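Letter by letter, the chains look like this.
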Protein chains: 2
Amino acid sequence: MVYIGVDLGGTNIAVGVVSETGSILAEASVKTLAERPSEEVIRDMAACAQKALNKAGLTQEDVKSIGVGVPGVADEENGVVISCTNLGWHNVPLRSEMQKYINKPVYVGNDANVAALAESYVGVSAGCSSSVMLTLGTGLGGGIVINGKAWGGSHGRGGEIGHVTLVPDGVPCTCGNNGCAERYVSATALIRMGKQECISFPDSLILKKAGSIDRINAKNVLDAAKEGDAPALRVFNTFVNYLALTINNITSFFDPEMVVLGGGVSHAGAFLLDAIRAILPRYQMFKALPIPRLELARLGNEAGIIGAALLGKN
Amino acid sequence: MVYIGVDLGGTNIAVGVVSETGSILAEASVKTLAERPSEEVIRDMAACAQKALNKAGLTQEDVKSIGVGVPGVADEENGVVISCTNLGWHNVPLRSEMQKYINKPVYVGNDANVAALAESYVGVSAGCSSSVMLTLGTGLGGGIVINGKAWGGSHGRGGEIGHVTLVPDGVPCTCGNNGCAERYVSATALIRMGKQECISFPDSLILKKAGSIDRINAKNVLDAAKEGDAPALRVFNTFVNYLALTINNITSFFDPEMVVLGGGVSHAGAFLLDAIRAILPRYQMFKALPIPRLELARLGNEAGIIGAALLGKN
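Note that the structure is predicted; figures quoted are calculated from it, not measured.

Undergrad: Please clarify how the overall build of chain A should be interpreted in this entry.
TA: What chain A contains, in helices and strands, is 9 helices and 13 strands. A globule of 314 residues ought to have a C-alpha radius of gyration of about 20 Å, and chain A, at 20 Å, matches this closely. Its C-alpha atoms give chain A principal-axis dimensions of roughly 60 × 45 × 35 Å. The buried share of chain A, reckoned over its 314 residues, is 59%. As displayed, chain A has an accessible area near 12000 Å², and 50% of this comes from carbon and sulfur atoms. Here chain A contributes 26 positive and 29 negative side-chain charges, whose respective centroids are spaced 3 Å apart.

Here is the structure:
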């Protein structure tokens, strides 16, 4: 038997046929075209799943379950997407809609939780009894895994670590609150701080790499910091400091066996990891005690498909 | 069969014989005298357990297990107290030492986790699949319960919500860090802020109740606020705001079914609860979605004994 995993994004839908051991056997993808009615998006999702099954030489009879990772809040029990801001979805009955096309058990989970689940099965946190994954992208996603199960919370709000308040009365967040972690620990934060530095220091290597202030991206800032550019290093050090605070808060709150860093920003690799590891002890209470291991995610984009598929194994 | 529950405090050791259903059948207590060697404290703990058994008309043969809640960090697997600052304990082999006197399974847990466990069995959060309890005392304790089990974390550091950073670079904490939640959300915080107000506003009702600045306690501040004293209300509102931020962070991070407020400060009752409930929506993302229920603890001091005893049922 195989599992279908669906990674529903704002731009693309990626579908994979996943084996019992968490390998992707075949993939297919389709544009989301999020402005359409949700029924049409789900119909295309099902067609894409059928295409992936065909590629793998399998039929619906081989499918044990379908899992969908969504960029929003899921009612896991009822298989309903409660809210997906960037798709404009509210209370979409994903399970029942999908079952019109493929009549198998359908599971729905938050995309960051699903990525954390994938890493804990076949990625860097495999074998850990508990882990928390931070996805450092446009926003800051969080995923909690306890004893091999994704923890989505009692009302689908769990793992929203990007919206834990890091700085009371701080930078306004898209969620309506102020000072959320995601305003300080994300690609968006690197870009905002990079732009600020380039206004004061127009000789910065950041600006040379980007071409113009408007085109600064997170990679420009990280690359310039790696090359020793002072304004970029100031941004990087501020970013690392806030990320270390966030990781320390995860330790104090939940104390997982491992904290996993994923998402685009994590591609800065050892440069990022070494910097956080160096600063973490500063924040740590009980300095003599062991702390969660800190590692980079291994699965990349595949985590979305694999983790969604694994919802059916939970 | 019965369970022995031990609430180990800096001043007193309270021991109870607890039934399968979580009722205390008999109690006994003894001074901790924490400056003694830990072996002597544990010997007295065992003698006290024997005394409680005698009172209940039972013998060691009726005992299934012994649980001890400690004000510090526990290595649950090995039954070792890793660190208890206010007892001066470091790596004390509580399990093996206790078994010299009563040869039964011995469990060790953090006192705040143990109180949360008690509430989830026979207190306000009974029947909840998950809960987080905040103990508002001299410090701010946190306890996490998932599916009827206390979550102490992978290294015994879990639930230390009092040491989640609430204000980066904020008030120095006893743990060596700055801006920990416990500096803003505890009796100690109410006292500090109350004193500050009384220096500027010596006519405050806080000072009338306390007699002198040095004698201000949390109850003075809360009582003065209830009576409408303006300086006391400023302290209270600041405190409630930080407590609401902390509860909102618990929601974003973990999203339990219920958040429980215990400890001395929670005796302010509906006055406190209503104030927090009024302010919480301000911080909430996904405003249309349900949030964790917020309730006051029910068990009071007995939670320490009952919860410790229940460690053996986990």
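Anyway, onward from the coordinates.
Undergrad: Just checking my understanding: could you explain the side chain of A:Ser131 for this structure?
TA: All names here are of chain A. Turning to its location among the elements, Ser131 is positioned in strand β9 (residues 130-136). Of the residues examined, Ser131 reaches a relative accessible area of 2% and is grouped as buried. Those residues within four positions of Ser131 in sequence are excluded, and the remaining contacts are Ser120, Ser125, Gly143, Ile144, Val145, Pro256 and Met258.

Undergrad: Sorry, what's going on with the relation of the copies chain A and chain B here?
TA: Two chain copies here: they are related by a rotation about an axis and a translation along the same axis. After a rotation of 180° and a shift along the axis of 0.0 Å, chain A superposes on chain B with an RMSD of 0.0 Å. This pairing of chains is accounted for by a two-fold axis. No C-alpha of chain A lies nearer the rotation axis than that of A:Val167, which sits 3.1 Å from it. Mapped onto chain B, 100% of the interface residues of chain A are again interface residues, and the two copies thus contact each other with one and the same surface.

Undergrad: It is not clear to me how the sheet that holds strand β4 (residues 63-70) of chain B should be interpreted in this structure. Could you clarify?
TA: Two strands in a sheet stick together by hydrogen bonds in their backbones, pointing the same way (parallel) or opposite ways (antiparallel). Residue and element names in this part refer to chain B. Strands sit in the order β3-β2-β1-β4-β8 across an open sheet of 5 strands; the sheet is mixed. Among the strands making up the open sheet, the edge pair consists of β3 (24-31) and β8 (106-110). Across the sheet, the mean angle from the axis of one strand to that of its neighbour is 20°, orientation sign disregarded. With 6 bridges connecting them, strand β1 (residues 2-8) and strand β2 (residues 12-18) associate as antiparallel partners. Bridge pairing in β2 links Ile4 to Val17.

Undergrad: For this particular structure, what's the right way to read the domain arrangement of chain A?
TA: Much of the literature gives interface size as the accessible area that the parts lose upon coming together. Residues and elements named next belong to chain A. For chain A, the assigned domains are domain 1 (2-119 + 302-313) and domain 2 (127-296). For domain 1 and domain 2, the distance between their C-alpha centroids amounts to 28 Å. Facing the 10 residues of domain 1 at the interface are 17 residues of domain 2. For the domain 1 and domain 2 pair, buried surface summed over both sides reaches about 930 Å², with 61% attributable to carbon and sulfur atoms. Put simply, domain 1 and domain 2 have 0 salt bridges between them. At the boundary of domain 1 with domain 2, the tally comes to 1 residue pair in polar contact (both at pLDDT 80 or more). Elements with a minimum of two residues in the side of domain 1 that touches domain 2: β5 (73-75) and α3 (111-122). The greatest single-element share of the side of domain 1 that touches domain 2, amounting to 6 residues, is contributed by α3. Of the residues assigned to the side of domain 1 that touches domain 2, the class counts are 6 nonpolar, 2 polar and 2 charged.

Undergrad: Just to check I follow, could you spell out the sheet that holds strand β13 (residues 293-296) of chain B for this structure?
TA: Residue and element names in this part refer to chain B. Spatially, the 5 strands line up as an open sheet ordered β11-β10-β9-β12-β13, and their pairing is mixed. The open sheet is flanked by β11 (149-150) and β13, the only strands paired with a single partner. With 4 bridges joining them, strand β12 (residues 258-262) and β13 adopt parallel strand pairing. In the sheet register, Leu261 faces β13, and the bridge partner there is Leu296. Of the strands in this sheet, β9 (130-136), β10 (140-146), β11 and β12 are in contact with helix α3 (residues 111-122), which crosses β10 at around 50°.

Undergrad: What exactly am I supposed to notice about the packing of helix α4 (residues 187-200) of chain B against helix α7 (residues 230-253) of chain B here?
TA: Helix packing geometry: the angle between the two helix axes and the distance between the axes. All names here are of chain B. Between α4 and α7, whose axes approach to 9 Å, the crossing angle comes to 145°. Crossing geometry of α4 relative to α7 is assigned as right-handed. On the side of α4, the interface is formed by Leu190, Met193, Gly194 and Glu197, while α7 contributes Pro231, Arg234, Val235, Thr238 and Phe239. Of the residues belonging to the contact of α4 with α7, the class tally is 5 nonpolar, 2 polar and 2 charged.

Undergrad: Teacher, can you tell me more about the environment of B:Leu310 here?
TA: Residue and element names in this part refer to chain B. Mapped onto the secondary structure, Leu310 falls in helix α9 (residues 302-310). A relative accessible area of 2% places Leu310 in the buried class. The sequence separation of Leu310 and Ile66 amounts to 244 residues, and the corresponding C-alpha distance is 8.9 Å. Each residue touching Leu310, except ones within four places of it in the same chain, is listed here: Leu117, Ala118 and Tyr121.

Undergrad: Would you explain helix α7 (residues 230-253) of chain A in this entry?
TA: Think of an α-helix as 3.6 residues a turn; residues three or four steps apart then line up on the same face. All names here are of chain A. Over its 24 residues, α7 runs 34 Å from end to end, which matches the ideal 34 Å to within 8%, given 1.5 Å per residue. Extensive coverage of α7 is indicated by the burial of 18 of its 24 residues. The N-cap of α7, judged by a side-chain oxygen 3.1 Å from the amide nitrogen of Ala232 a few residues on, is Asp229. Two residues or fewer after α7 comes Asp255, characterised by a positive phi angle close to 50°.

Undergrad: How do you make sense of the packing of aromatic side chains when you look at a structure like this?
TA: Two descriptors summarise a pair of aromatic rings, namely the distance from one centre to the other and the angle between the planes of the rings. Applying the stated rule across the entire model yields 10 aromatic pairs over all chains. Geometrically, the ring pair formed by A:Tyr184 and A:Tyr242 is tilted, given 4.8 Å between the ring centres and 45° between the ring planes. Within this pair, whereas A:Tyr184 is found in the loop between β11 (149-150) and α4 (187-200), its partner A:Tyr242 is found in helix α7, the two being separated by 58 residues in sequence. These aromatic residues form a ring-pair network of at least three members: A:Trp151, A:Phe253, A:Phe254, B:Trp151, B:Phe253 and B:Phe254. When the ring centre of A:Tyr184 is taken as reference, the NZ or CZ atom of A:Arg192 above it lies at 5.7 Å.

About the cut-offs
Residues numbered from 1 in each chain as written. Chains lettered and ligands numbered in written order. Predicted model: local features only at pLDDT ≥ 70, side-chain atom pairs only at ≥ 80, totals over all residues. Heavy atoms only, no water. Helix = DSSP H or I, 4+ residues; strand = E, 2+ residues; numbered from the N terminus. Rg over C-alpha atoms; globule rule 2.2 N^0.38 Å. Buried < 20%, exposed > 50% of the residue type's maximum accessible area, 1.4 Å probe, protein only. Areas by Shrake-Rupley, 256 points an atom, 1.4 Å probe, with all protein chains shown as cover. Lys, Arg positive; Asp, Glu negative; His and termini not counted. Charge placed at Lys NZ, Arg CZ, Asp CG, Glu CD. Contact = heavy atoms within 4.5 Å. Least-squares fit on C-alpha atoms with pLDDT ≥ 70 in both. Pairing = 2+ DSSP bridges. Axes fitted to C-alpha atoms, helices over the stretch in contact; angles between N-to-C directions. Domains from an automatic or database assignment. Buried area = accessible area lost by both parts, 1.4 Å probe. Salt bridge = Lys/Arg side-chain N within 4 Å of Asp/Glu carboxyl O. Polar contact = N/O pair within 3.5 Å; in protein donor to acceptor, adjacent residues only side chain to side chain. Nonpolar A, V, L, I, M, F, W, Y, C, P; charged D, E, K, R; others polar. Left-handed = near helix turned anticlockwise from the far one by under 90°. Expected span 1.5 Å × (residues − 1). Phe/Tyr/Trp six-rings, centres within 6.5 Å; stacked < 30°, edge-to-face > 60°. Lys NZ or Arg CZ within 6 Å of the ring centre and 35° of its normal.

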